[in-house]
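Tertiary structure, described
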Amino acid sequence: MGRVQDKVAIVTGAASNPGLGYTTALTLGREGAKVVATDVDAAGAERCAQAVRDADGQALGLRQDVTSEVEWNDVIQRTLNAYGCLDVLVNNAGIAVLKRLEDMTLADWKRQIEVNLTSVFLGCKYALAPMRAAGGGSIVNLSSVAGLVGMATCTAYGAAKGGVRIMSKSIAVEGAADNIRCNSVHPGVIWTNMQAQATGLSKPQPVAPERVPMGRMGEPQDIANCVLYLASDESNYVSGAEFTVDAGMTTQ
Ligand SMILES: NC(=O)c1ccc[n+]([C@@H]2O[C@H](COP(=O)([O-])OP(=O)(O)OC[C@H]3O[C@@H](n4cnc5c(N)ncnc54)[C@H](O)[C@@H]3O)[C@@H](O)[C@H]2O)c1
C-alpha cells in the first residue's frame, strides 16, 4: 500500500520540470494517489500526468490558470467526474516577480498577488465543499522562506507568500470541524526552472553557508517528501502548521 493510497489529489503548477509541482505530483502518484496535474502550460500538465501513468499510477493532466475562478470550478468538477471525490489539494503554482521596490510597477504587484495569493484563496475556497463531502481532506499551500523573513526584491513575492502562510492558519481553524487540515510549506533555495530563471544559473551550485548553513541548494524531491507527509494520514493531527524546508536558511 502507498502512503496516500487511493487519495484523490490536485496539484497545481505541475508542468515545470525540474519543478516542485511536477515532482510532487509524481511522488503522490507513486504512493498510490489519483493525481490531477494542472498548469497553465497544458502540454506540460499532460507530460506530468503521463509520467505518473508511466510509473503505474493514475493521473489526469488539465490546463488551468489558477487565477481564474471559472477554471477552478471546472478543475474541481472534472476531478469529481474522473475520480469521484477530492482528498488533497496542493496549491503549488506560482511566479516570482523579483524587483526592488522602486522598480516594481503597480501591474507587477497586482500580478504577483493574483498568481501567488488570490489563486490559493480560490483553490481553498472551492476545495472545501468536496473535501467536506469526502469526510475531510488535506490542503497544502506552497509558501516560501520569503513569507517568513524579509528579503530584498521580495516585497510583492514575500507579501503574497506571507499571505499564504497566515491564510493557511485561518483555513485550518475553519476546516477543523470538517476534518479538513491546512498547512503551509516554506521552501528555501530549491533547484527548479524558477530558481534557474531567478539566478541565471544553468545547474545547481553551492550556496554560501552564511546564506544556507548546509551550503547547497535543495532538490524538488526534498519538498515533495514534505508535501507527501502532509497529504498522508501520517499527519492526521497536523494542521495550521508551517513547514520550513530550507537547510537552516531562516534559523540565522
Ligand atoms: N524553487 C524555489 O526555490 C522555491 C522557493 C520557495 C517557494 N517556491 C514556490 O514553490 C512553488 C513552485 O515553484 P517552482 O520553483 O517549482 O517554480 P516553477 O517556475 O519551476 O514552476 C511553477 C509552475 O507554475 C505554473 N504557473 C505559473 N503561473 C500559473 C498560473 N497562473 N496558473 C497555473 N499555473 C501557473 C508554471 O507554468 C510552472 O509550471 C511556487 O509557488 C514558488 O513560489 C519555490
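What this report covers is the structure whose coordinates are included nearby. (Residues numbered from 1 in each chain as written. Predicted model: local features only at pLDDT ≥ 70, side-chain atom pairs only at ≥ 80, totals over all residues.)

1. Quick word on the site of the ligand
As a structural note, the neighbourhood of the ligand is formed by 30 residues, with Gly-13, Ser-16, Gly-94, Thr-192 and Met-194 the closest of them. Listed by contribution, the elements that provide at least two residues to the shell around the ligand are α1 (20-30) and α6 (193-199). Of the residues forming the shell around the ligand, the biggest block, three residues, is contributed by α6. For the shell around the ligand, a count of residues per class yields 13 nonpolar, 14 polar and three charged. (Near = placed C-beta within 6 Å. Helix = DSSP H or I, 4+ residues; strand = E, 2+ residues; numbered from the N terminus. Nonpolar A, V, L, I, M, F, W, Y, C, P; charged D, E, K, R; others polar.)

2. Here's the deal with unusual backbone geometry
The phi torsion of most residues other than glycine is negative, and most of the peptide bonds are trans. Note that the residue after Asn-17, namely Pro-18, is joined by a cis bond; omega there is 10°. Its place among the elements puts Pro-18 in the loop between β1 (8-11) and α1. A positive phi angle is found at Asn-179, which is not glycine, with a value near 60°. Mapped onto the elements of the fold, Asn-179 is located in the loop between α5 (155-175) and β6 (180-187). Looking at Asn-179, the number of C-beta atoms within 10 Å reads 15, which means it is partly exposed. (Buried ≥ 20, exposed ≤ 12 C-beta atoms within 10 Å, placed from the backbone.)

3. With respect to the sheet that holds strand β2 (residues 34-39)
Read from one edge of the open sheet, seven strands run β3-β2-β1-β4-β5-β6-β7, paired in parallel fashion. Strands at the two margins of the open sheet, each flanked by one partner only, are β3 (58-63) and β7 (242-245). Between one strand axis and the next, the sheet turns through 15° on average, direction left out of account. Alignment of β1 against β2, held across four bridges, turns out to be parallel. From the neighbouring strand, Ala-9 faces β2, where its bridge partner is Val-35. Packed onto the sheet, α5 meets β5 (137-142), β6 and β7 and runs at close to 165° relative to β6. (Pairing = 2+ DSSP bridges. Axes fitted to C-alpha atoms, helices over the stretch in contact; angles between N-to-C directions. Contact = placed C-beta atoms within 7 Å.)

4. Some remarks on the nonpolar core
With 65 residues, the main nonpolar core has Ala-9, Ala-25, Val-35, Ala-37, Cys-48 and Val-227 as its most contacted residues. By residue number, the principal contributor to this core is helix α7 (residues 220-231), which donates seven residues. Apart from the residues lying within four places of it in its own chain, the contact partners of Val-35 are Ala-9, Val-11, Ala-25, Leu-28, Gly-29, Val-52, Gly-57 and Ala-59. (Core = buried A, V, L, I, M, F, W, Y, C linked by C-beta atoms within 7 Å.)

5. Some remarks on the packing of helix α4 (residues 106-133) against α5
Where α4 meets α5, the closest approach of the two axes is 9 Å, and the angle between their N-to-C directions is 15°. In terms of orientation, α4 and α5 fall into the roughly parallel class. In this structure, α4 meets α5 at a crossing whose hand is right-handed. Judged by residue contacts, Asp-108, Trp-109, Gln-112, Ile-113, Asn-116, Leu-117, Val-120, Phe-121, Cys-124 and Leu-128 of α4 engage Ala-156, Tyr-157, Ala-159, Ala-160, Lys-161, Gly-163, Val-164, Met-167, Ile-171 and Gly-175 from α5. Partitioning the contact of α4 with α5 into residue classes produces 14 nonpolar, four polar and two charged. (Parallel < 35°, antiparallel > 145°, perpendicular 65-115°, else oblique. Left-handed = near helix turned anticlockwise from the far one by under 90°.)

6. Focus: helix α3 (residues 69-83)
Between its first and last C-alpha, α3 extends 21 Å over 15 residues, near the 21 Å set by a 1.5 Å rise per residue. Turning to α3, its buried residues number three or more, namely Trp-72, Val-75, Thr-79 and Tyr-83. Buried positions in α3, seen along its axis, are confined to an arc of 65° and lie on one side of it. Every exposed residue of α3 that faces more than 90 degrees away from the buried side is listed here: Val-70, Asn-73, Gln-77 and Asn-81. (Expected span 1.5 Å × (residues − 1). Arc of directions from axis to C-beta.)

7. Here we look at α4
Between its first and last C-alpha atoms α4 spans 40 Å; for 28 residues at 1.5 Å apiece the expected length is 40 Å, and the two agree. When the local axis directions of α4 are compared, the greatest deviation, roughly 40°, occurs at Glu-114. Those residues of α4 hidden inside the fold are in contact with α3, β4 (88-91), β5, α5 and β6. Immediately beyond the C-terminal end of α4, within one or two residues, lies Gly-135, with a positive phi of roughly 90°. (Bend = angle between axes of the 7 residues up to and from the residue.)

8. Considering the environment of Cys-48
Here Cys-48 lies in helix α2 (residues 42-54). For the pair Cys-48 and Leu-26, spaced 22 residues apart in sequence, the C-alpha to C-alpha distance is 7.3 Å. If we skip the residues at most four places from it in the chain, Cys-48 touches Ala-14, Ala-15, Tyr-22, Ala-25, Ala-37 and Gly-61.

9. Overview of the environment of Gln-5
In this fold, Gln-5 is placed in the segment before β1. Considered as a pair, Gln-5 and Gly-32 are 27 residues apart in the sequence and their alpha carbons are 4.0 Å apart.

10. Some details on the pairing of β5
The element β5 is largely enclosed, with a buried count of six among its six residues. Handedness of the β-α-β unit built from β4, α4 and β5 comes out right-handed. Note: β5 against β6, six bridges, orientation parallel. Counted as the bridge partner of Gly-137 is Ile-180 from β6. Handedness of the crossover is the feature at issue here: the chain leaves β5, passes through α5, returns alongside β6, and the resulting connection is right-handed. (Right-handed = clockwise from strand over helix to strand, strands pointing away.)

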